[in-house]
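Fold and contact review
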Amino acid sequence: MPPLTSASSSAPTTTTSGAPSETVAEINRRILESGELSKLESHLLQLLQESGWTEQLRTLCRERLRDPDVRVGNYADLRRAVDQEAREMVPEHVRVEMVRKVLGVLRGMVESD
(Lines give C-alpha, C1' and ligand atoms only; values in the text may rest on other atoms or scores of the structure.)
Protein backbone atom coordinates (compact mmCIF):
# COMPACT_ATOMS: atom_id res chain seq x y z
CA MET A 1 0.00 0.00 0.00
CA PRO A 2 1.46 3.41 -0.99
CA PRO A 3 2.12 5.96 1.75
CA LEU A 4 -0.63 8.44 2.48
CA THR A 5 -0.15 11.93 1.14
CA SER A 6 -1.91 15.11 2.04
CA ALA A 7 -5.43 15.43 0.68
CA SER A 8 -4.56 18.72 -1.00
CA SER A 9 -2.02 17.06 -3.29
CA SER A 10 -4.71 15.09 -5.13
CA ALA A 11 -7.68 17.40 -4.60
CA PRO A 12 -8.65 19.66 -7.49
CA THR A 13 -7.75 23.30 -7.02
CA THR A 14 -10.56 25.74 -6.42
CA THR A 15 -11.04 29.48 -6.62
CA THR A 16 -11.99 31.79 -3.77
CA SER A 17 -15.61 31.28 -4.82
CA GLY A 18 -15.21 27.54 -4.34
CA ALA A 19 -15.59 26.77 -8.05
CA PRO A 20 -13.07 24.37 -9.58
CA SER A 21 -10.21 26.23 -11.28
CA GLU A 22 -10.75 24.30 -14.51
CA THR A 23 -14.38 25.44 -14.65
CA VAL A 24 -13.42 29.07 -14.10
CA ALA A 25 -10.69 28.82 -16.74
CA GLU A 26 -13.19 27.37 -19.25
CA ILE A 27 -15.72 30.12 -18.54
CA ASN A 28 -13.02 32.78 -18.94
CA ARG A 29 -11.87 31.23 -22.21
CA ARG A 30 -15.38 31.10 -23.63
CA ILE A 31 -16.17 34.69 -22.60
CA LEU A 32 -12.92 35.88 -24.19
CA GLU A 33 -13.46 33.92 -27.40
CA SER A 34 -17.05 35.11 -27.72
CA GLY A 35 -16.00 38.75 -27.70
CA GLU A 36 -18.17 39.42 -24.65
CA LEU A 37 -15.21 40.26 -22.43
CA SER A 38 -14.41 43.46 -24.31
CA LYS A 39 -18.09 44.44 -24.21
CA LEU A 40 -18.21 43.83 -20.45
CA GLU A 41 -15.01 45.84 -19.94
CA SER A 42 -16.36 48.74 -22.00
CA HIS A 43 -19.62 48.73 -20.09
CA LEU A 44 -17.78 48.67 -16.76
CA LEU A 45 -15.59 51.60 -17.78
CA GLN A 46 -18.66 53.58 -18.88
CA LEU A 47 -20.43 52.92 -15.56
CA LEU A 48 -17.33 53.85 -13.55
CA GLN A 49 -16.90 57.08 -15.50
CA GLU A 50 -20.58 58.01 -15.18
CA SER A 51 -20.51 57.37 -11.43
CA GLY A 52 -17.47 59.60 -10.90
CA TRP A 53 -15.33 56.69 -9.72
CA THR A 54 -12.55 57.34 -12.22
CA GLU A 55 -12.18 60.94 -11.03
CA GLN A 56 -12.23 59.78 -7.41
CA LEU A 57 -9.47 57.30 -8.27
CA ARG A 58 -7.36 60.04 -9.86
CA THR A 59 -7.77 62.13 -6.72
CA LEU A 60 -6.85 59.18 -4.51
CA CYS A 61 -3.72 58.53 -6.59
CA ARG A 62 -2.66 62.18 -6.35
CA GLU A 63 -3.15 62.05 -2.58
CA ARG A 64 -1.00 58.93 -2.27
CA LEU A 65 1.71 60.39 -4.50
CA ARG A 66 1.87 63.52 -2.33
CA ASP A 67 1.76 61.65 0.98
CA PRO A 68 5.30 61.49 2.40
CA ASP A 69 4.37 58.43 4.50
CA VAL A 70 3.49 56.38 1.42
CA ARG A 71 6.50 55.18 -0.55
CA VAL A 72 5.57 55.20 -4.21
CA GLY A 73 8.51 54.61 -6.53
CA ASN A 74 6.65 53.22 -9.52
CA TYR A 75 3.25 52.24 -10.86
CA ALA A 76 3.19 48.91 -9.00
CA ASP A 77 3.80 50.71 -5.69
CA LEU A 78 1.00 53.19 -6.44
CA ARG A 79 -1.37 50.40 -7.37
CA ARG A 80 -0.65 48.56 -4.11
CA ALA A 81 -1.18 51.82 -2.20
CA VAL A 82 -4.66 52.45 -3.66
CA ASP A 83 -5.97 49.02 -4.65
CA GLN A 84 -8.12 48.12 -1.64
CA GLU A 85 -9.60 51.59 -1.23
CA ALA A 86 -10.29 51.87 -4.97
CA ARG A 87 -12.20 48.57 -4.90
CA GLU A 88 -14.24 49.73 -1.92
CA MET A 89 -15.11 53.00 -3.72
CA VAL A 90 -16.92 51.20 -6.57
CA PRO A 91 -20.59 52.18 -6.17
CA GLU A 92 -23.01 49.40 -5.30
CA HIS A 93 -25.18 50.09 -8.37
CA VAL A 94 -22.15 49.51 -10.60
CA ARG A 95 -21.43 46.18 -8.91
CA VAL A 96 -25.06 45.10 -9.24
CA GLU A 97 -25.24 46.12 -12.89
CA MET A 98 -22.05 44.24 -13.75
CA VAL A 99 -23.20 41.09 -11.97
CA ARG A 100 -26.45 41.32 -13.93
CA LYS A 101 -24.54 41.70 -17.21
CA VAL A 102 -22.16 38.81 -16.50
CA LEU A 103 -25.04 36.54 -15.52
CA GLY A 104 -26.76 37.46 -18.78
CA VAL A 105 -23.66 36.49 -20.74
CA LEU A 106 -23.36 33.20 -18.85
CA ARG A 107 -27.05 32.40 -19.36
CA GLY A 108 -26.64 33.06 -23.06
CA MET A 109 -23.72 30.64 -23.18
CA VAL A 110 -25.68 27.92 -21.39
CA GLU A 111 -28.71 28.38 -23.63
CA SER A 112 -26.63 28.21 -26.81
CA ASP A 113 -25.03 24.87 -25.84
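The shown structure was predicted, so the numbers you read here are calculated from the model rather than taken from an experiment. Counting from 1, residues in each chain are numbered in the order their sequence is written. Residues qualify for local features only when their pLDDT is at least 70, as the model is predicted, and side-chain atom pairs are given and counted only at 80 or more; totals for whole chains, interfaces and linings, by contrast, use all residues. With hydrogens and water set aside, each side-chain value is computed from the structure's full complement of heavy atoms.

Some words on the overall build of the protein
- In this text, helices come from DSSP runs of H or I with a minimum length of four residues, and strands from runs of E with a minimum of two, each type numbered from the N-terminal end. For the protein, the helix and strand inventory stands at six helices and zero strands.
- Element order for the protein, N to C, with α for helix and β for strand: α-α-α-α-α-α.
- Relative to its 113 residues, the protein shows a buried fraction of 18%.
- Any pair of residues with heavy atoms lying within 4.5 Å of one another is described as a contacting pair. By sequence separation, contacts in the protein at least 24 residues apart represent 55% of the contacts at least 6 residues apart.
- Where accessible areas are quoted, they stem from the Shrake-Rupley method and a 1.4 Å probe; at the residue level, only the protein chains shown are allowed to cover. Approximately 8,800 Å² of the protein is accessible, and the part contributed by carbon and sulfur atoms is 56%. Each residue is placed in one exposure class: buried if its accessible area under a 1.4 Å probe, protein chains only, is under 20% of its type's maximum, exposed if it is over 50%, and partly exposed if it falls in between.

Overview of the packing of helix H3 (residues 36-51) against helix H6 (residues 92-112)
- Axis separation between H3 and H6 bottoms out at 10 Å; the angle between their running directions is 165°. As far as their axial angle goes, H6 and H3 are roughly antiparallel. Of the two elements, H3 crosses H6, and the hand of that crossing is right-handed. Contacts from Glu36, Leu40, His43, Leu44, Leu47, Leu48 and Ser51 in H3 reach His93, Val94, Glu97, Met98, Lys101, Val102 and Val105 in H6.
- Just so you know the grouping, Ala, Val, Leu, Ile, Met, Phe, Trp, Tyr, Cys and Pro go in nonpolar, Asp, Glu, Lys and Arg go in charged, and all remaining residues, Gly too, go in polar. A class-by-class count of the residues in the contact of H3 with H6 yields eight nonpolar, three polar and three charged. The angle between two axes is taken between their N-to-C directions and runs from 0 to 180 degrees, where each axis is a line fitted to C-alpha atoms and a helix contributes only its stretch in contact. Note that the term roughly parallel is reserved for angles under 35 degrees, roughly antiparallel for angles over 145, roughly perpendicular for angles of 65 to 115, and oblique for everything else. Should the near helix be turned counterclockwise from the far one by less than a right angle, the crossing is left-handed, whereas a clockwise turn marks it as right-handed.

With respect to the pattern of salt bridges
- We count a salt bridge whenever a side-chain nitrogen from Lys or Arg sits within 4 Å of a carboxyl oxygen from Asp or Glu. A complete count under the given rule lists ten salt bridges for this structure.
- Salt bridges here are not isolated pairs; linked through shared partners, they connect Glu26, Arg29 and Glu33.

Function cannot be read off these values alone, since they describe shape.
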